[in-house]
Structure formats: C-alpha cells, structure tokens
Amino acid sequence: MTSRIAEKTSPERALSISRENRSRDMFHTLCLNPASHWRRLRKAHSPTDPDFADRVRSIRLISPLMELPCAAEKLIYGRKIRKTQIEKPPVFVIGHWRSGTTLLHNALSKDPRFGHVSLFQTLMPGSFLVGRRTLQPLLALRAPNTRPMDNVKIRMPYPSEEEYALSHTCRQ
C-alpha cells in the first residue's frame, strides 16, 4: 500500500504536474540569472534535450534582462556587503529530502532570534536588494501557490530552502 505522502512526492507525480503546467513551467529559475551565467552553463552542458526547448527559449529571452539589476546591486551595495561582519554564527538546517527540514526551517523562521532567506531572495541572490519593490511583485504573479513535489504552500516572502540560490552561485 502506497502512502499519500509517497504518492505526492513520486517522480511520476512531479512529472505529470510539470506536463500539466507546461506554459507555467516554461519560466525556469535560470531565467533570473544574468545571461553570462546562462552562456557558461550552455557551453558546459550542450546540447539541450528537445523536451526543454521552451524553457531554453524563455531563459535566452529573459536572462539578458537580469544583467542590469545584478550590476546595479553590485554598484549600490557591493562595498557594504563586502564589509558586513557576521557577529553570531549562522544555524544551518541540513537533512535528507522528506525528513522534516522544511517544517523545522519554517518553525525556526518564526523565532525572532533567527533570520531566514525568503523565496524571492533565493531566486534573485544577485539582485534582491534592488529588485524587492519591482521584481518581487512580478515574480509573485508567475509563482505557483505550492511546490509541485509536496504541495507545500509557497510565497515570495516565505522562508525558502537555498537550493535555488545555490544553483545561482556557480556563476561566481
């Protein structure tokens, strides 16, 4: 007997959700990277599977637009970010997939002693400071209401795991 959780998180379920939302699925988080990052990824991992042609087109169209906010953030905040001292050691929530890390992460984010990284910050690690008033509302319009793999509710200001941000760091 298969549990409800296993059904929700199976690769087949995630794939079917992805196919059902094909037009929404065309917007990929790599669109939010500068074009220079996308070019390096394409060079290292070509050719692209034809099933992902729509995603590739959307990334090619949108990623060049991300160069400006990333450059603006470096110019405006770069020196201040580099000079920032972290006074208290951070707490990292690390665990195996489906082991309760999201629940723990969300619980810790409610405690005023801890900070958290929002979904918007993880999607836009190079430009969230300059884009919070303009880009965050635009992304909120395109974002799904729940994560496809487990139906957990998501919103731009909610705590987020850092996998999106980590995918963006390979550009540095």
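Rules behind the numbers
Residues numbered from 1 in each chain as written. Predicted model: local features only at pLDDT ≥ 70, side-chain atom pairs only at ≥ 80, totals over all residues. Heavy atoms only, no water. Helix = DSSP H or I, 4+ residues; strand = E, 2+ residues; numbered from the N terminus. Buried < 20%, exposed > 50% of the residue type's maximum accessible area, 1.4 Å probe, protein only. Contact = heavy atoms within 4.5 Å. pLDDT = per-residue confidence, 0-100.

> Sorry, what's going on with the environment of Ser127 here?
One can find Ser127 in the loop between helix H8 (119-123) and helix H9 (128-131). A residue is classified by how much of its surface remains accessible, and Ser127, at 1% relative accessible area, is buried. Once the C-alpha coordinates of Ser127 and Glu67 are considered, the two residues, 60 residues apart in sequence, prove to be 9.3 Å apart.

> Honestly, unusual backbone geometry in this entry has me stumped. Any pointers?
Glycine aside, residues mostly have negative phi, and peptide bonds are mostly found in the trans state. A positive phi angle, near 65°, is found at Arg98, a position not held by glycine. Here Arg98 is to be found in the loop between helix H6 (67-83) and helix H7 (101-109). Its identity is not glycine, yet Asn151 carries a phi of approximately 65°, on the positive side. Secondary-structure assignment places Asn151 in the loop between helix H10 (135-142) and helix H11 (163-169). Relative accessible area serves as the criterion here: at 47%, Asn151 is assigned to the partly exposed category.

> Explanation requested: the side chain of Ser118 in the structure shown.
Take Ser118: it is sitting in the loop between H7 and H8. According to the relative accessible area criterion, Ser118 is buried, its value standing at 9%. Residues within four places of Ser118 in sequence aside, it is in contact with Met156, Pro157, Tyr158, Pro159 and Ser160.

> Looking at this model, I keep getting lost on the environment of Pro34. Mind explaining?
As for its position among the elements, Pro34 is in the loop between helix H3 (22-25) and helix H4 (35-44). Looking at Pro34, the relative accessible area reads 5%, which means it is buried. Here the alpha-carbon distance between Pro34 and Leu65, two residues 31 residues apart in the chain, equals 7.3 Å.

> What's the story with the confidence of the model for the protein in this structure? I'm lost.
If pLDDT is low for a region, its predicted coordinates should not be looked at in detail. Across the protein, the average pLDDT comes to 80, with 81% of residues at or above 70. The element-level mean pLDDT for the protein is lowest in helix H1 (residues 4-9), coming to 44, with H6 highest at 94. A low-confidence stretch, residues 1-9 (pLDDT under 50), is modelled with 11 contacts involving residues beyond four sequence positions or located in other chains.

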